[in-house]
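# Observations on the three-dimensional arrangement
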Amino acid sequence: MIKHSVCTMDCPDTCSLDVEVQDEKVIAIRAGNKNPLTDDFICSKIGDFTKRLYSPDRLLYPMKRTGAKGSGEFERISWEEACSTICKRFQQIRNDFGAEAILPFYYGGSNGVLGQETADRAFFAKLGASRLALTVCAAPTSAAASGMYGKMPGVAFEDYVHAKLILIWGANPKASNIHLIPILKKAKEAGAKIAVVDPKLNFSAREHDLHLPVFPGTDLVVALAMIHYWHKNRLLDETFLNEHATRTEILLQKAAAYDFDKASEIAKVPASDIEKLAVLYAESNPAVIRIGWGLERNRNGGQAAAAILAVPALMGKFGVTGGGYTLSNSGTTKIAANKIAESQIWDTREINMNLLGKYLLEENSPPVKALFVYNCNPAVTVPNQNAILKGLAREDLFTVVFDQIMTDSAKYADILLPAVTFLEQEEIKKSYGGFLLQYLAPVIPRCGEAKPNEEVFAMLGRAMGWSDRAFQDTTEDYLRKAADAIRAPGGPITLDQLRENRVVFFDFPGRNPVQFKTAFPWTENGKINLAPSALGEHPYEYIEHSDPYPLTLISPATNKTISSSMGEYNLRELYAIMNPADANSRGLADGAQIRVYNDLGEVVCKLKVKDSIRQGVVSMPKGAWRKSSRNGQTATALAPDTLGTAGGACFNDARVEVTSL
């Protein structure tokens, strides 16, 4: 039997799925046809999802720790005992240290609408726990996009076929956003040029026309040099800027300090190539920029994102199909979260998630005495891994982990709670790539005693003795409230409509928006703010990075993992990629076992020597599990917990050295 579902993983494509089920067991997962963008194929990660669904490490029942923290030794308990234990410990910690000593730790990339900021928010708000700043990904780019355009809907991927130039800046659609690849091929066959700005080349010679392997953290100066060139040569669209933009002069004044030669020196790419890109963009209509999240992962990331987002406005590339930019389209679906689950005002202290290690180890007022981890795996995804692991090993830290599988974080839990996968739950999934909502129903019964988020946090609320509506509502109640709370282009949406059609497309009018024709900035005044307050007191100011270690480590997404999900079976051996010149100067050969290290930690892994990575840069996959390296450390062990724009993570500010083992 074929049943319909939707992938909820952290990916802009949001694939519809056809799931083959026999005897209430998933046999195969293939592409469905509800989302026209994704109806031809799906990624191998989800194609192989049964490896997680039926893994021997799948969490099926609540459990409590019996061995040392980190040992992974647990015994089965009931849900009643688990909830009672959690609530008693939380009450004790609240009495002894105050409720802010309790920290929920979570992220939302792979959730449906109910999976975050609903019953969980109601629970932790009523408890009075510390709040978490969700800054490990997309904080700098979101701050820039919100401040400049109000998160205006971007160019639809399907409309890239109309562009004459496609500029891919800080993104690798071959790893995530794979359904953009055939569209790029069609566009190129129709005569489009494809330019790529990335320290690592992920495209073959026939797939792209220009590559700028900028040094990590220097995207800002490249964008400013291009802007300076256009301004100096009177190529800016003054008419558009006068009508639609504010604070233009602030950006132009900053750009005046950078010509192609200066940008070349800082970014370590030929000045002629920067000029070539500037000329190509100026002369191409329509032109679209696919902005990724790779460029934000450093202290200059938010400033760089803003400069790049300003480019189509400065050059008047809006108003035509296939012209403008695409970053995240998550803001197109607006949800009044408090209408799904009413909660108390939550104004306790806020902790930046990138500083988890420091908060677990350093004295604070109050100290963190309880950690509730769900929707994420901080042991391998958050900067300063060794500090986090040391903090998780504290015997006085009461830790709850609510997950699908025995993750690296779960091994440190005092109480484990089993979570459903997307194949076992009823949900509504919005997209941050496309312009649609999709409904998913369970295709199989829940495995073991696994439960969805909204049910678990309602159970915990009742175990605390609370009678609030948020803790009495069922999944059906939550789904109906969620559908009513959604506001999207095209009018109201009902749960019955979603269930019947499985998908609802937006109407701008038209299924896809055209920026500055059917979609406009959602800022207060309806204009573009080219120097938003999120950039701080010194907008577009480039910060030099100095460090005694000679190589820069980047940790991009690959086609093997979605954050750390599926890393348990899909990325079994960790590796680092180096340029041949860097490897040769260190006497390192392809396939060698190497040590990548800095003052924060070291990773022992395999070396791959490739000329696809620029000199001076080392690449190590994001989302690897600890068992994939020879010493139990991964790329996050080398990443500093310094903060960028909007408190964003600075993974790519890691500086390292590499030697033979």
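Here the structure is a predicted model, which means the values were calculated and not measured.

## What about the overall build of the protein?
A tally of regular secondary structure across the protein gives 21 helices and 29 strands. Since a compact globule built from 661 residues should have a radius of gyration of about 26 Å, the 24 Å found for the protein is in line with a globular shape. Reported as C-alpha extents along the three principal axes, the dimensions of the protein are approximately 70 × 60 × 50 Å. Split into buried and exposed, the 661 residues of the protein put 63% on the buried side. Charge-centre separation for the protein: the mean point of 73 positive side chains lies 2 Å from the mean point of 75 negative side chains.

## Points about a negative patch on the surface
Together, Asp259, Asp261, Glu265 and Glu544 make up a region of like negative charge exposed at the surface. Along the chain, Asp259 falls in the loop between helix 9 (248-255) and helix 10 (260-267).

## Describing the packing of aromatic side chains
Under the counting rule described, the total for this entry stands at 28 aromatic pairs. Note on Phe372 and Phe457: the rings are 5.3 Å apart at their centroids and 40 degrees apart in plane angle, and the pair reads as tilted. Of this pair, Phe372 sits in strand 16 (residues 370-374) while Phe457 sits in helix 17 (residues 453-463); the two residues are 85 residues apart in sequence, bridging distant segments of the chain. For Phe372, a relative accessible area of 0% puts it in the buried group. When the ring of Phe402 is compared with that of Phe457, the centres are 6.4 Å apart and the planes differ by 70 degrees; the resulting orientation is edge-to-face. With Phe402 in strand 17 (residues 398-403) and Phe457 in helix 17, this residue pair connects regions lying 55 residues apart in the sequence. Here the aromatic residues Phe90, Tyr106, Phe123, Phe124, Phe372, Tyr374, Phe398, Phe402, Phe457, Trp466 and Phe471 are joined through ring pairs into a cluster of three or more. Of note, Lys262 hangs over the ring of Tyr258, and the distance from its end group to the ring centre comes to 4.8 Å. Directly above the aromatic system of Phe215 lies the positively charged group of Lys268, at a separation of 4.1 Å from the ring centroid.

## Section: the sheet that holds strand 24 (residues 551-554)
Spatially, 24-28-25-27-26-29 is the arrangement adopted by the six strands of the closed barrel, whose pairing is mixed. Neighbour to neighbour, the strand axes of the sheet diverge by 45 degrees on average, direction disregarded. As paired elements, strand 26 (residues 593-597) and strand 27 (residues 602-609) share five bridges and run antiparallel to each other. By the bridge assignment, Arg595 is partnered in strand 27 with Val604.

## A closer look at the packing of helix 4 (residues 119-127) against helix 17
Between helix 4 and helix 17, the least distance of the axes is 8 Å, while the angle of their chain directions is 25 degrees. Judged by the angle between their axes, helix 4 and helix 17 are roughly parallel. The interaxial crossing formed by helix 4 with helix 17 has left-handed handedness. Each of Ala119, Asp120, Phe123 and Phe124 in helix 4 lies in contact with helix 17, whose residues at this interface are Glu454, Phe457, Ala458, Leu460 and Gly461. Considering only residue class, the contact of helix 4 with helix 17 consists of six nonpolar, one polar and two charged.

Definitions and limits used
Residues numbered from 1 in each chain as written. Predicted model: local features only at pLDDT ≥ 70, side-chain atom pairs only at ≥ 80, totals over all residues. Heavy atoms only, no water. Helix = DSSP H or I, 4+ residues; strand = E, 2+ residues; numbered from the N terminus. Rg over C-alpha atoms; globule rule 2.2 N^0.38 Å. Buried < 20%, exposed > 50% of the residue type's maximum accessible area, 1.4 Å probe, protein only. Lys, Arg positive; Asp, Glu negative; His and termini not counted. Charge placed at Lys NZ, Arg CZ, Asp CG, Glu CD. Patch = residues over 30% accessible without salt bridge, like charges linked within 9 Å, V, L, I, M, F, W, Y side chains within 5 Å. Areas by Shrake-Rupley, 256 points an atom, 1.4 Å probe, with all protein chains shown as cover. Salt bridge = Lys/Arg side-chain N within 4 Å of Asp/Glu carboxyl O. Phe/Tyr/Trp six-rings, centres within 6.5 Å; stacked < 30°, edge-to-face > 60°. Lys NZ or Arg CZ within 6 Å of the ring centre and 35° of its normal. Pairing = 2+ DSSP bridges. Axes fitted to C-alpha atoms, helices over the stretch in contact; angles between N-to-C directions. Parallel < 35°, antiparallel > 145°, perpendicular 65-115°, else oblique. Left-handed = near helix turned anticlockwise from the far one by under 90°. Contact = heavy atoms within 4.5 Å. Nonpolar A, V, L, I, M, F, W, Y, C, P; charged D, E, K, R; others polar.

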